[in-house]
Amino acid sequence: EYDYNVFYDYKGATDRSKSFDEFSPKFGVLYRLTEDVSLYGNIGKAFMPPSAYRMFTSKYRNPDLTPETAWNYEIGIKTLLFERLSVQVAGYLMDVEDEIYKGSDDVYHNTGKTRHKGIESELSLYLLEGLSVFSNLTFQEAKFTDYTVGSTSYDDKWLPHAPKRIIAYGLKYEHPIGITYSISGNYRSDAYSNDANTYKIPGRTIWDTRIDYEHDFKCLKIGLYAGIMNLFDKKYYDYRTSSGKIYPAYPRNYMVGFKIGREF
């Protein structure tokens, strides 16, 4: 159950209270074929209420939004081969009702029904002690199945900002003293930016790198990290409006930080 009470008044918004509730069951099974091979399956219902930002405080707001609901079906296999190669592959199908999307009129709407289906895989190959290469691959199809605005039907059109392929790959090294270093490439294929699929966002590959250090000090877990995103300073964009305007993504940027925690 979600209850919203928003006290921030944005340009005369008057309706700032809403309540939503839903029952969201999930059922899963796992069957171990051998010590190293397992099959699994999941069925579940998801429930995602609209945010207060989308309903009340954004200039794109729509106080009549209703929650997204979805049934998700997944089957997969995971295995460890030769004690070095970890593989997990899964296929999924998800039917979504009332998916929330900002339409061509720059207002958030519930978009009727959409269907998402695809295959996901995760692979890790352990080369030496502490050193591994990894790859995550997603091949997906995400389309409207029942979405009409006025007299225009968008059935069978791709959802905006949903690429057909997402691939991440890289190298990771973990040292026993608590240091972890990784470098990874992240590829996204072309994606459409509007309901009618007339504008495209080009595919791109960017590289990131990061180093972490974790240490247990008495009852505390202390961590330090530093990283560089968009390592090679690639010029690209991941967002394009329904009218064709583009918003450049971040150039090369840096992060440093620390974290501290305690387990009870």
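This write-up is about the structure you can find in this document.

Thresholds applied
- Residues numbered from 1 in each chain as written.
- Predicted model: local features only at pLDDT ≥ 70, side-chain atom pairs only at ≥ 80, totals over all residues.
- Heavy atoms only, no water.
- Helix = DSSP H or I, 4+ residues; strand = E, 2+ residues; numbered from the N terminus.
- Buried < 20%, exposed > 50% of the residue type's maximum accessible area, 1.4 Å probe, protein only.
- Contact = heavy atoms within 4.5 Å.
- Areas by Shrake-Rupley, 256 points an atom, 1.4 Å probe, with all protein chains shown as cover.
- Lys, Arg positive; Asp, Glu negative; His and termini not counted.
- Charge placed at Lys NZ, Arg CZ, Asp CG, Glu CD.
- Pairing = 2+ DSSP bridges.
- Axes fitted to C-alpha atoms, helices over the stretch in contact; angles between N-to-C directions.
- Phe/Tyr/Trp six-rings, centres within 6.5 Å; stacked < 30°, edge-to-face > 60°.
- Patch = residues over 30% accessible without salt bridge, like charges linked within 9 Å, V, L, I, M, F, W, Y side chains within 5 Å.
- Salt bridge = Lys/Arg side-chain N within 4 Å of Asp/Glu carboxyl O.

As for the overall build of the chain
Moving on, step 1. Of regular secondary structure, the chain possesses one helix and 21 strands.
Moving on, step 2. In terms of overall dimensions, the chain has a C-alpha envelope of 60 × 45 × 45 Å along the principal axes.
Moving on, step 3. Out of the 264 residues in the chain, the part that is buried amounts to 31%.
Moving on, step 4. Taking the contacts inside the chain whose residues are at least 6 apart along the sequence as the reference set, 54% of them involve residues at least 24 apart.
Moving on, step 5. Split by element, the accessible area of the chain, about 16700 Å² in all, is 56% carbon and sulfur.
Moving on, step 6. Taken together, the 33 basic and 35 acidic charged side chains of the chain have centroids lying 6 Å from each other.

Description of the sheet that holds strand S4 (residues 37-48)
The pairing of strands in a sheet happens through backbone hydrogen bonds and is either parallel or antiparallel.
Moving on, step 1. Reading across from one edge, S3-S4-S5-S6-S9-S10-S13-S14-S17-S18-S21 is the order of the eleven strands in this open sheet, with antiparallel pairing throughout. Two strands lie at the open edges of the sheet, namely strand S3 (26-32) and strand S21 (253-262), each paired on one side alone. When strand polarity is set aside, the average angle formed by the axes of neighbouring strands in this sheet is 15°.
Moving on, step 2. Taken together, the twelve bridges between S4 and strand S5 (residues 68-81) define a ladder with antiparallel strand orientation. The residue of S5 that forms the bridge with Ser38 is Lys78.

Notes on the packing of aromatic side chains
Moving on, step 1. Applying the stated rule across the entire model yields five aromatic pairs.
Moving on, step 2. Between Phe144 and Tyr147, the ring centres sit 4.8 Å apart and the planes meet at 40°, which makes this aromatic pair tilted.
Moving on, step 3. For Phe144, a relative accessible area of 2% gives the class buried.
Moving on, step 4. Judged by relative accessible area, Tyr147 falls into the buried class, the value being 4%.
Moving on, step 5. Here Tyr239 and Tyr247 contribute two aromatic rings whose centre-to-centre distance is 5.6 Å and whose plane-to-plane angle is 55°, an arrangement assigned as tilted.

Overview of a nonpolar patch on the surface
Moving on, step 1. Judged by side-chain polarity, Tyr31, Leu33, Leu39, Ile77, Val89, Ile119 and Phe139 come together as a nonpolar surface patch covering roughly 610 Å² of accessible area.
Moving on, step 2. With respect to the helices and strands, Ile77 occurs in strand S5.

A word on the pattern of salt bridges
Moving on, step 1. The final tally for this structure, using the stated rule, is nine salt bridges.
Moving on, step 2. In this structure, the salt-bridge partner of Arg115 is Asp95, at a minimum N-O distance of 2.6 Å. Linking Arg115 in strand S9 (residues 113-128) with Asp95 in strand S6 (residues 85-97), this pair joins segments that are 20 residues apart in sequence.
Moving on, step 3. Looking at Asp95, the relative accessible area reads 26%, which means it is partly exposed.
Moving on, step 4. A salt bridge links Asp212 to Arg210; the shortest N-O distance between them is 2.9 Å.
Moving on, step 5. Assessed through its relative accessible area of 15%, Asp212 is described here as buried.

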